[in-house]
Structure formats: structure tokens, C-alpha cells
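Coordinates in review
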Amino acid sequence: MMPKFYLNTLRSVALAGMFAGVSSVLVLPHGAAFAQPAAAVRGLPDFTDLVDQVGPSVVNIRTVEKASGRGNASGMDEEMLEFFRRFGVPIPNAPRQQRPQRPQQEEDPQPRGVGSGFILTADGFVMTNAHVVDGADEVIVTLPDKREFKAKIVGADKRTDVAVVKIEATGLPAVKVGDVSRLRVGEWVMAIGSPFGLENTVTAGIVSAKQRDTGDYLPFIQTDVAINPGNSGGPLINMRGEVVGINSQIYSRSGGFMGISFAIPMDEAIRVSEQLRATGRVTRGRIGVQIGQVTKDVAESIGLGKAQGALVTGVEAGSPADKAGVEAGDIITRFDGKPIDKVADLPRLVGNTKPGSKSTVTVFRRGTSRDLGITIAEIEAEKPAVAKAPEREEKPKASAAAQQIGLAVTELTDAQKKELKVRGGVAVAAATEAAARAGLREGDIILSIANTEITGVKDFEAALSKADKSKPVNVLYRRGEWAQYALIRPAR
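Attention here is on the structure that accompanies the text. (Residues numbered from 1 in each chain as written. Predicted model: local features only at pLDDT ≥ 70, side-chain atom pairs only at ≥ 80, totals over all residues. Heavy atoms only, no water.)

The subject of this paragraph is the pattern of salt bridges. Between side chains of opposite charge, a pair can form when the charged atoms approach closely. With the rule as written, the count across this model stands at 22 salt bridges. Across the pair D145 and R147 runs a salt bridge, and its minimum N-O distance is 2.9 Å. Its relative accessible area of 45% is what places D145 among the partly exposed residues. A salt bridge links R366 to E453; the shortest N-O distance between them is 3.3 Å. In this pair, R366 sits in the loop between β21 (358-365) and β22 (368-375) while E453 sits in strand β27 (residues 452-453), placing the two residues 87 residues apart along the sequence. Classification of R366 by relative accessible area gives partly exposed; the value is 31%. Assessed through its relative accessible area of 29%, E453 is described here as partly exposed. A single network of salt bridges, built from pairs that share partners, joins E327, D330, R365, R366, R423 and E453. (Salt bridge = Lys/Arg side-chain N within 4 Å of Asp/Glu carboxyl O. Buried < 20%, exposed > 50% of the residue type's maximum accessible area, 1.4 Å probe, protein only. Helix = DSSP H or I, 4+ residues; strand = E, 2+ residues; numbered from the N terminus.)

Tracing the backbone shows F118 in strand β4 (residues 112-119). Here the alpha-carbon distance between F118 and V243, two residues 125 residues apart in the chain, equals 9.4 Å.

In this structure, F118, M127, I246 and M266 are the most contacted members of the largest nonpolar core, which totals 37 residues. Apart from residues lying up to four places away in sequence, M266 is in contact with F118, L120, M127, V177, V180, V243, V244, G245 and I246. Counting residues in hydrophobic clusters, the runner-up holds 22 residues, among them I449, I454, A463 and V473. (Core = buried A, V, L, I, M, F, W, Y, C linked by side-chain atoms within 4.5 Å. Contact = heavy atoms within 4.5 Å.)

Here we come to the side chain of T353. Mapped onto the elements, T353 comes out in the loop between α8 (345-351) and β21. Judged by its relative accessible area of 13%, T353 falls in the buried class. A polar contact of 2.8 Å, which involves the side chain of T353, links it to the backbone oxygen of L349. Look past the residues within four positions of T353 in its chain and what remains in contact with it is R284, G285, F335, S359 and I376. (Polar contact = N/O pair within 3.5 Å; in protein donor to acceptor, adjacent residues only side chain to side chain.)

Below, the discussion takes up unusual backbone geometry. At D336, a position not held by glycine, the phi torsion is positive, near 50 degrees. Mapped onto the fold, D336 is located in the loop between β19 (331-335) and β20 (338-339). Its relative accessible area of 35% is what places D336 among the partly exposed residues.

Here we come to helix α12 (residues 457-466). By the burial criterion, the buried members of α12 are V457, F460, A463 and L464. Down the axis of α12, the smallest arc covering the buried residues is 130 degrees, so these residues share one side. Residues K458 and K466 are exposed on α12 and point more than 90 degrees away from its buried face. (Arc of directions from axis to C-beta.)

All chains considered together, the criterion is met by 2 aromatic pairs. Note on F47 and W188: the rings are 6.0 Å apart at their centroids and 65 degrees apart in plane angle, and the pair reads as edge-to-face. Remark: W188 occurs in strand β10 (residues 188-193) and F47 occurs in the loop between β2 (33-36) and α2 (48-54); sequence separation between them is 141 residues. The class for F47 is buried, based on a relative accessible area of 15%. Judged by its relative accessible area of 33%, W188 is partly exposed. Sitting above the plane of the F125 ring, K166 keeps its charged end 5.4 Å from the centroid. (Phe/Tyr/Trp six-rings, centres within 6.5 Å; stacked < 30°, edge-to-face > 60°. Lys NZ or Arg CZ within 6 Å of the ring centre and 35° of its normal.)

This is a description of form; function is not addressed.
Put into C-alpha cells, the structure is as follows:
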């Protein structure tokens with residue numbers, strides 16, 4: 001017999017159901033109930049109208065590559081292999097780990113890929129992922145009404161994973177593009193695509209997060225919408241029937257969907273597609289700096305306050321940043337007046353700026369902020385030459401203050417300064433104890449210490465002697481072509 005506790009529970013649930021739609025009911029252990037004010041109840045969304053509205057605009061994309069005669073050790077079909085490669089999942093080698101393969105097509109041995117896309121304009125421009133059409137010799141677009149077209153690849157941008165293809169057709173049902181800025185975390189969204197080649201498959205979920213950093217140029221939309229191989233390139237649709245993203249990636253440890261998927265925001269995708277349609281390629285701005293994260297400890301130590309901006313770890317010789325006066329160790333806090341909250345913000349803002357245009361970067365340097373005018377270059381500019389580390393001079397005797405933090409330094413020669421393109425600094429001749437624990441090592445070039453620029457050994461000793469020995473000492477140093485901060489914490 002079922003225990004009495006469970007019987008009472010079932011009876012209470014039944015009682016609560018009798019009052020559904022009238023008021024909420026508080027059920028007490030002995031069966032007493034008190035009416036409570038009715039609470040707003042939200043029902044689950046109905047996606048049927050959205051499917052009717054957007055479904056005709058979603059297409060299936062098949063790609064054909066010329067047979068290369070190369071096999072693969074796993075024995076998997078190319079479609080599944082692409083899935084493993086795309087999402088960073090180790091490719092199983094053992095036969096027992098293989099996934100079921102689709103039936104062999106002996107009459108057509110060419111490997112095929114399957115993806116999704118959607119009609120961007122009524123005259124036949126279709127948007128999809130770059131990885132869907134990458135390396136394809138032939139692209140076949142199938143409409144929901146079963147019409148098939150051979151498509152021409154207009155352009156593909158691997159950095160954002162956006163591609164545009166063109167089919168010769170008119171009067172097509174184009175999607176309506178939504179405003180990504182209105183998208184809210186927790187909002188219901190829907191995907192339509194061809195997972196595993198199953199055309200016109202509908203899945204739904206909610207927006208899990210926005211501005212998710214998984215790429216240099218894209219703040220992804222994270223959802224829990226089921227996305228699988230073949231969904232790539234399909235639309236992410238809000239409850240107004242607007243496309244707000246392109247389904248592109250998933251996070252997985254098993255090779256299958258695990259509740260985390262990522263979509264390219266539609267505003268970014270449209271920006272890329274406009275360039276692809278106009279010129280077949282995407283141009284991006286660059287300023288010629290290597291950047292790193294600003295940690296909380298470093299921000300507090302140098303007087304920046306909170307951890308924000310992008311730390312300049314290196315400046316390319318002759319680059320726009322070099323000409324504008326940006327230095328290694330600067331913290332770029334704004335670009336054209338827009339705040340740089342995290343390091344990934346800078347390449348996005350610079351990348352979206354037209355090459356040749358004039359911009360302003362705000363840098364934080366040794367306790368003060370300053371604006372620098374800069375002319376944006378194109379990202380395909382030449383790479384910087386690698387500077388050589390200076391040869392080690394004879395080791396001097398370290399001062400008492402330097403010994404406390406485990407450092408011995410030497411002067412830089414004029415030739416070394418010219419080669420390294422620095423105005424001053426000292427070379428680390430030895431790093432032990434606290435300095436070694438902070439990551440410094442012989443051959444590093446110290447550019448500033450305790451927020452004070454160093455021109456030589458005398459400056460180094462003076463700045464170190466004035467530093468508060470009870471607090472970590474911030475050191476800006478250069479190793480090869482890279483500059484970064486270290487915090488030396490003297491032993492107590």
C-alpha cells in the first residue's frame with residue numbers, strides 16, 4: 001500500500017487542481033486550505049505561427065567536393081568528421097566509437113556536406129555559415145517547396161563564419177531581420193534547419209546569455225536551443241518572427257548537443273554580408289598592437305581603479321599605433337569615445353572601423369589618461385619584425401632595495417635601445433626570490449617600476465627606494481616583442 005504521506009500529497013494536488021483558474025491554494029499538512037490572491041500564470045509559447053511565417057525562407061544547403069582519394073583513419077563519413085573538427089571534439093579512431101553512417105551511394109562517391117541557410121533577399125541572396133561552404137566545388141540550395149538551385153558563392157568570411165551565396169530566382173520569401181539590441185536573456189527563441197540532413201526541423205529554447213566571448217570579432221548569443229550537425233547556417237528566430245542570429249557552434253564534450261549553442265548576432269552578420277555582396281570580401285581596421293587582459297591586481301596597482309581596458313603588450317614598428325604614440329604598457333580604455341570594458345571589445349571596435357578613417361584612442365599611462373589621434377590601417381598589413389633581446393652585460397652588484405625583491409639590473413646601450421625601439425629601461429641581469437616568483441627572468445627589459453618610467457639604473461634604484469615596501473610593486477617589463485605587467489610581492 002502507498003504510504004499515507006504520498007496519498008495525502010496526491011489528494012492535495014488534486015484539490016489544488018479543482019481551484020485552477022480561480023485562485024492559488026495553500027495546502028496544509030492536515031488538508032486545510034486557504035485561498036491566496038491569484039498570481040499571473042504564463043503559458044508556454046506556441047511556435048506554429050512562427051514556423052508558418054519563417055519556414056518558407058529556410059533552405060537546405062548541400063555541398064559537393066571533388067573526390068581527393070584520401071581516406072580517414074576513423075572510417076567516418078565526411079559530414080560527421082566535419083562536426084568533430086568544427087566543435088573541437090576528439091575524432092574517435094576505434095571502430096566501436098564510430099557513429100552510424102548514412103547509406104553508401106556507390107554511384108556518387110564524392111563526399112558531401114549538409115547545412116542550412118535562409119533567404120536574405122527576394123532576388124536570391126542566401127546567408128549561411130562560412131564553414132558550411134568552405135572548400136566546396138558545388139553548392140546546391142533546396143527550397144522548402146523542393147526546388148533546387150546551383151548556387152554561386154558570393155563571399156565567405158572565416159573570422160565571423162558568415163557566408164553569402166546567390167541563386168538565380170526571384171520573388172523569394174525573404175526573412176525579416178530583428179533588432180539584436182532588443183533581445184533579452186530568458187526570451188524564447190526558435191531554430192529551423194537540417195540537422196543530420198533532416199530538412200525543416202524545428203527546435204526551440206531560450207536565450208541563455210548575450211555577449212558571450214568565444215571569438216575575436218563576435219559577441220555570440222548563447223541559447224539552449226537544440227543544434228546539431230546540419231543546423232549550421234540556419235536562423236535563430238525570436239517570437240516576433242524576426243531572425244536575430246545565425247546558428248553556428250555548440251559546446252560539447254560528447255560530440256552531441258549538451259544544452260549550449262551559439263549564434264552569430266544578426267547585426268554583425270548583416271554588416272559582414274553587406275561587404276561580401278559589395279566586394280566579395282571583408283576589410284577590417286587595425287592599429288598594430290598586441291593586447292592582453294588587465295587584471296584586478298594590476299589595475300589597482302597602477303591607479304586605474306577597476307579592471308577594464310586592453311593592456312598594450314606590444315606595438316608594431318611603423319604601425320598606426322606606433323605613429324600615434326601608443327606605448328607598450330599603455331591601457332587602452334576608449335576607442336572613438338566608446339568604452340573598452342574588456343579586452344575583446346577593442347579588436348571588435350577597431351575591426352569594424354573603415355581603413356583610412358581617423359579615430360581617437362584613449363590610453364591610461366602612469367596615472368593619467370590621454371587621447372591620441374590615430375589613422376586606421378587595413379588588417380592585412382605586414383606583420384611586425386621580431387625584436388631581439390639584448391645581450392647580457394656584466395652583472396652589477398644589486399642595491400639593498402633591489403636585493404629585497406631579488407633583482408639585479410644593467411644599463412641598456414644606445415645600440416640596444418635603438419634595436420628595441422625604446423627610450424630607456426634596464427635589463428634584468430638576475431631574478432631570484434620575489435622577482436622570480438613574479439615571473440621575471442634574466443634578459444627581460446624593465447620599462448617602469450612602481451608606476452614610474454625608467455631611463456636607466458639610477459632611475460630604477462630611485463623609484464624602487466621610494467616604493468611602499470608593504471605593498472606589491474608593479475613592474476612593466478618587456479620580453480622579446482611583448483610587454484606585460486608583473487607584481488612583485490616581497491617576502492615578509
